[in-house]
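Here's the letter readout for the chains.
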Amino acid sequence: MKSLPIRPLSRDAFAPFGDVIELDEARSFPINAGKCVRYHDLAKVETSGPEARTLVSLLRGEPYDIPLALTMVERHPLGSQAFIPLTDNSFLVVVAPDEGGEPGEPVAFETAPGQGVNIGRNVWHGILTPLHAVSDFVVIDRGGSGCNLEEHFFDKPYRVEYA
Ligand SMILES: NC(=O)N[C@@H](O)C(=O)O
Ligand code: NI
C-alpha cells in the first residue's frame, strides 16, 4: 500500500479543501455587554439543489486505529459538511483534490484538540474518523432531495500512518 503520512491540520494547508473551525486567529468581537466573545463567520456553509436546507445533527463515532487502510473517499455535490468536536479527542481528516471527476492524491491531517473542519461542497473526503476514543461531533450539512453522495473506491488502498 502507498503510504499517506498524517500531518497536523492548519488553516493554510486545509484552505483548498475548506475551513478550519477554531478559536485561534479567528475574527472575534465582544457581545452581550462584553460577557461573551463571538468568533464570527468561521465557515462557508453551502446548501444547493431541490428543497435544500441546512441540517444540524450530532454524531457519536467509534475510534479507528492508526495505521488505517483508506479504501474510499466520498463527496457531497449539493452541500458542504462541517464536523465540530464536542470532546478534546483529535480526529483524522482526509481530503483529496478533484482530477477530472475522480480524486487525486489524498492528504491526511490530524486535528489538534478542539479543531473542527468544514469540508467544502463537492470536495472529496474520508468519512468521519475519530481517533483515541468514542467522540461526539456537531455536524452541519445539507438536507433536501436529490443525490448528495458520490463515493469513490480506490483500486489500491492507501496506508494512512504517522510520518
Ligand atoms: N453522512 C454523514 O453524516 N457523514 C459522512 O458524510 C461523512 O463524511 O462521515
Ligand atoms: Ni461526508
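This text goes with the structure placed above it.
For the structure given in this document, a descriptive report is provided here. (Residues numbered from 1 in each chain as written. Chains lettered and ligands numbered in written order. Predicted model: local features only at pLDDT ≥ 70, side-chain atom pairs only at ≥ 80, totals over all residues. Heavy atoms only, no water.)

**Structural notes on the overall build of the protein**
Next up, step 1: A count of helical and extended segments in the protein gives 1 helix and 16 strands.
Next up, step 2: Taking 2.2 N^0.38 as the reference for a compact globule, 163 residues should give roughly 15 Å; the C-alpha atoms of the protein span a radius of gyration of 16 Å, in line with that estimate.
Next up, step 3: For the protein, the C-alpha atoms occupy an extent of roughly 55 × 40 × 30 Å along the three principal directions.
Next up, step 4: Long-range contacts, defined here as pairs at least 24 residues apart, represent 82% of the contacts in the protein between residues at least 6 apart.
Next up, step 5: For the protein, the exposed area adds up to about 8,900 Å²; of that, 51% sits on carbon and sulfur atoms. (Helix = DSSP H or I, 4+ residues; strand = E, 2+ residues; numbered from the N terminus. Rg over C-alpha atoms; globule rule 2.2 N^0.38 Å. Contact = heavy atoms within 4.5 Å. Areas by Shrake-Rupley, 256 points an atom, 1.4 Å probe, with all protein chains shown as cover.)

**What to know about the nonpolar core**
Next up, step 1: Core analysis: the biggest nonpolar cluster contains 16 residues, and Phe14, Phe83, Phe91, Val93, Val95, Phe109 and Val117 have the highest contact counts within it.
Next up, step 2: Listed by contribution, the elements that provide at least two residues to this core are β8 (91-96), β11 (107-110), β12 (116-119) and β15 (135-143).
Next up, step 3: The dominant element in this core, judged by the number of residues it contributes, is β8, at 3 residues.
Next up, step 4: Once you skip the residues sitting within four places of it in the chain, Val117 turns out to touch Leu9, Phe14, Asp19, Ile21, Gln81, Ala82, Phe83, Phe91 and Val93.
Next up, step 5: The next biggest cluster of nonpolar side chains, apart from the first, holds 14 residues, and it includes Ile6, Val73, Ala96 and Ala108. (Core = buried A, V, L, I, M, F, W, Y, C linked by side-chain atoms within 4.5 Å. Buried < 20%, exposed > 50% of the residue type's maximum accessible area, 1.4 Å probe, protein only.)

**Describing the site of ligand 1**
Next up, step 1: The environment of ligand 1 is made up of Glu74, His76, Gln81, Phe83, His125, Ile127 and Leu128.
Next up, step 2: Separating an oxygen atom of ligand 1 from a side-chain N or O atom of Gln81 is a distance of 2.9 Å.
Next up, step 3: Interatomic distance of 2.8 Å between a backbone N/O atom of Leu128 and an oxygen atom of ligand 1.
Next up, step 4: Expressed as a share of its isolated accessible area of 270 Å², the protein-covered part of ligand 1 is 70%.
Next up, step 5: Taken together, the residues that form the shell around ligand 1 break down as 3 nonpolar, 3 polar and 1 charged. (Near = heavy atom within 4 Å. Polar contact = N/O pair within 3.5 Å; in protein donor to acceptor, adjacent residues only side chain to side chain. Nonpolar A, V, L, I, M, F, W, Y, C, P; charged D, E, K, R; others polar.)

**Topic: empty space enclosed by the protein**
Next up, step 1: Taken as a whole and assessed by the stated rule, the structure comprises 1 cavity of 30 Å³ or more.
Next up, step 2: One number sums up the size of the largest cavity: a volume of about 50 Å³.
Next up, step 3: Of all the elements in the fold, those that place two or more residues in the lining of the largest cavity are β8 and β12.
Next up, step 4: It is β8 that provides the largest number of residues to the lining of the largest cavity, a total of 4 residues.
Next up, step 5: Of the residues that constitute the lining of the largest cavity, the class distribution is 9 nonpolar, 1 polar and no charged. (1 Å grid on protein atoms, 1.4 Å probe; cavity = no way out; pocket = protein on both sides within 12 Å on 5 of 7 lines; lining within 4 Å. Points joined across faces, edges and corners; volume = space filled by probe spheres on them.)

**Notes on unusual backbone geometry**
Next up, step 1: Omega for the peptide link from Ile66 to Pro67 comes to 10°, which places this bond in the cis form.
Next up, step 2: Topologically, Pro67 is positioned in the loop between β5 (53-61) and β6 (68-75).
Next up, step 3: Positive phi outside glycine occurs at Glu51, with the angle close to 60°.
Next up, step 4: Checked against the element boundaries, Glu51 lands in the loop between β4 (36-39) and β5.
Next up, step 5: Backbone geometry places Asn122, a non-glycine residue, at a positive phi of 70°.
Next up, step 6: For Asn122, a relative accessible area of 28% translates into the label partly exposed.

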